[in-house]
Amino acid sequence: MSIRRVALLTAGGFAPCLSSAVGGLIERYTEIAPEVEIIAYQHGYHGLLTGQFVTIDAEARTHASRLHNFGGSPIGNSRVKLTNVKNLVERGLVAEGENPLAKAAEQLRKDGVDVLHTIGGDDTNTTAADLAAYLEDNNYHLTVVGLPKTIDNDVIPVAHSLGAYTAAEQAAKFSANIFGEHRSSPRMLIVHEVMGRHCGWLTAAAAAEYRKWLDLQEWVPSIGLSRERWDAHAVFVPESHFDIREESTRLRAIMDKIGNVNIFLSEGAGVPEILAEMEERGEEVQRDAFGHVKLDTINPGQWFAKQFAHSLGAEKVMVQKSGYFSRSAAANLQDLMLIKSMTDLAVECALRGESGLIGHDEEDGDRLKAIAFPRVKGGKPFDVNQKWFQDMMSEIGQKVSPIAH
């Protein structure tokens, strides 16, 4: 397939792969198809609707490798859903009565784009699927090749999303510092709230990475420097039910014995209970353009801390969130290797006109391929029955009761 111009965009929340993925695509095109022009829409679908883009010039091509050293996104993100017309009208991105998909398609046509690379999570790529379907129905030939980005690692049927490895590693580093506060007061309760609206993978993986770090440390129990005090004492994820009274009894015993309790909490854990309380009080639940509850407005960490503080007899309570610390980090080696393999395949698929989301297909033996967009969706639950998670929970003495999905 002969292509003249490709466009890149990053969208949704940040993850530790966006900058590197942009760099990887630029590098690969420069290596095997240097004649192809590359543009980058600014702030994702926002830039596509407004026609704002930058051209990847010779300097950017020459120094694309520098993007691997940074987190964030050099071309900017936003949360824009092309099928949420009401929200787009309110934000001034489309006029009343205007079809956003038609506007986006016309902008791509005007800009002479032959291939669109979307780098984002489930919302970004399902939006890309909506756009691809609209273009197909209207006889516009465009290849759309997506890359899966989300620290939640919850895109179906992708085995592992870009940025998730790094986010777990960074959340573990964050834990080492905040759990170090456990001796700042007698009877200390520390809650580490980790991102994960529907999926507990990141919370579980962060706890596992943190405990690997603990395995490498040397201790001096006689002076108070003990693994027991630094350990994770509970891990709460949306996919596992727990009895708060039973957990309070278990954690109270730990508090009585060592004087502190450290908790890993997925921000999505307990949300149904929190929303029920808010609705009972007649409080409004704020939501974003995609209809998701704005979790920062309901503070799951504070809610959990409140539930446990009294029953544990905590004298001091600390709630810390690692989300922005983790999601804006530069990609680690594990993610860089994954990004390289995916960006290389993404360019190959683009050059042969094959649309889809690049990823290891869990329904096809984890084969790396372009997965058809209609098969892609978000909300993949974390499997709490995996051996590594079960082993970890057994070691910390916490029961795992899976919630049926």
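Everything below is about the structure shown above.
What counts as what
Residues numbered from 1 in each chain as written. Predicted model: local features only at pLDDT ≥ 70, side-chain atom pairs only at ≥ 80, totals over all residues. Heavy atoms only, no water. Phe/Tyr/Trp six-rings, centres within 6.5 Å; stacked < 30°, edge-to-face > 60°. Helix = DSSP H or I, 4+ residues; strand = E, 2+ residues; numbered from the N terminus. Patch = residues over 30% accessible without salt bridge, like charges linked within 9 Å, V, L, I, M, F, W, Y side chains within 5 Å. Areas by Shrake-Rupley, 256 points an atom, 1.4 Å probe, with all protein chains shown as cover. Salt bridge = Lys/Arg side-chain N within 4 Å of Asp/Glu carboxyl O. Pairing = 2+ DSSP bridges. Axes fitted to C-alpha atoms, helices over the stretch in contact; angles between N-to-C directions. Contact = heavy atoms within 4.5 Å. Buried < 20%, exposed > 50% of the residue type's maximum accessible area, 1.4 Å probe, protein only. Parallel < 35°, antiparallel > 145°, perpendicular 65-115°, else oblique. Left-handed = near helix turned anticlockwise from the far one by under 90°. Expected span 1.5 Å × (residues − 1). Core = buried A, V, L, I, M, F, W, Y, C linked by side-chain atoms within 4.5 Å.

## Thoughts on the packing of aromatic side chains
Summed over all chains, the structure comprises 17 aromatic pairs. Note on tyrosine 41 and phenylalanine 53: the rings are 6.0 Å apart at their centroids and 80° apart in plane angle, and the pair reads as edge-to-face. On the criterion of sequence distance, the pair formed by tyrosine 41 in strand 2 (residues 37-41) and phenylalanine 53 in strand 3 (residues 53-55) is long-range, its members being 12 residues apart. Ring geometry for phenylalanine 174 against phenylalanine 325: centres 5.5 Å apart, planes inclined by 50°, an arrangement best described as tilted. Of this pair, phenylalanine 174 sits in helix 7 (residues 164-178) while phenylalanine 325 sits in helix 13 (residues 323-327), and the two are 151 residues apart along the sequence.

## Some points on a nonpolar patch on the surface
Side chains of Val220, Ile223 and Leu225 sit close together on the surface and give an oily, nonpolar patch of about 270 Å² of accessible area. Along the chain, leucine 225 falls in the loop between helix 8 (201-215) and helix 9 (227-230).

## Looking at the sheet that holds strand 9 (residues 260-266)
An order of 7-9-6-10 is seen for the four strands of this open sheet, with the pairing classed as parallel. Strand pairing shows two members of the sheet lacking a second neighbour, strand 7 (234-236) and strand 10 (316-321), which therefore form its edges. In this sheet, neighbouring strand axes are inclined to one another by 15° on average, regardless of whether the strands run parallel or antiparallel. The sheet contact formed by strand 7 and strand 9 spans three bridges and is parallel. Note that in strand 9 the partner of alanine 234 across the bridge is isoleucine 263. Here helix 12 (residues 300-312) sits on the sheet and contacts strand 6 (188-194), strand 7, strand 9 and strand 10; the angle it forms with strand 6, its principal contact strand, is near 160°.

## Brief notes about the environment of phenylalanine 325
When its relative accessible area of 41% is taken as the criterion, phenylalanine 325 is described as partly exposed. Counting along the chain gives 152 residues from phenylalanine 325 to lysine 173, while the straight-line C-alpha distance between them is 9.8 Å. Setting aside chain neighbours within four positions, we find phenylalanine 325 in contact with Gln170 and Phe174.

## Here we look at the packing of helix 7 against helix 8
One can describe the packing of helix 7 onto helix 8 by two numbers: an axis separation of 8 Å at closest approach and a directional angle of 55°. The orientation of helix 7 with respect to helix 8, classified from their angle, is oblique. Here helix 7 and helix 8 pass one another in a crossing that is right-handed. Where helix 7 abuts helix 8, its residues Ala164, Tyr165, Ala167, Ala168, Ala171, Ala172, Ser175 and Ala176 lie against Trp201, Leu202, Ala205, Ala206, Glu209, Tyr210 and Trp213.

## Points about unusual backbone geometry
Excluding glycine, residues mostly have negative phi values, and the peptide bonds linking residues are mostly trans. Going from isoleucine 156 to proline 157, the amide bond is cis rather than trans, its omega being 0°. Within the secondary structure, proline 157 is located in the loop between strand 5 (143-148) and helix 7. Unusually for a residue other than glycine, arginine 187 sits at a positive phi of about 55°. Residue position: arginine 187 is located in the loop between helix 7 and strand 6. In this structure, aspartate 366 takes a positive phi of about 60° despite not being glycine. Topologically, aspartate 366 is positioned in the loop between strand 11 (356-361) and strand 12 (367-371).

## Some remarks on helix 6 (residues 122-137)
For the α-helix, the turn length of 3.6 residues means that residues three or four positions removed from each other point alike. Helix length check: helix 6, at 16 residues, gives a terminal C-alpha distance of 22 Å against a target of 22 Å (1.5 Å per residue), a fit within 8%. Turning to helix 6, its buried residues are Asp122, Asp123, Thr124, Asn125, Thr127, Ala128, Ala129, Leu131 and Leu135. At the exit of helix 6 stands asparagine 139, carrying a positive phi of roughly 55°.

## With respect to the nonpolar core
Ranked by size, the top nonpolar core spans 72 residues in total, and within it Tyr29, Leu147, Val235, Phe264, Ile358 and Phe389 carry the most contacts. If you tally residues by element for this core, the top one is helix 8, at nine residues. Within the second largest apolar cluster, 32 residues are counted, among which are Ile39, Tyr41, Val113 and Phe373.

## Let's talk about the pattern of salt bridges
Per the counting criterion, the structure on display carries 24 salt bridges. Put simply, arginine 227 and aspartate 231 hold a salt bridge, and the shortest N to O gap is 3.9 Å. For arginine 375, the salt bridge goes to aspartate 361, with nearest N and O atoms at 2.8 Å. With arginine 375 in the loop between strand 12 and helix 15 (387-396) and aspartate 361 in strand 11, the pair connects residues that are 14 residues apart, well separated along the chain. Taking the relative accessible area as the measure of exposure, arginine 375 reaches 32% and is therefore partly exposed. Given the relative accessible area of 0%, aspartate 361 is considered buried. Each of Asp361, Glu363, Asp364, Arg367, Lys369 and Arg375 takes part in salt bridges that share partners, so that together they form one network.

Shape descriptors only; they carry no functional weight alone.
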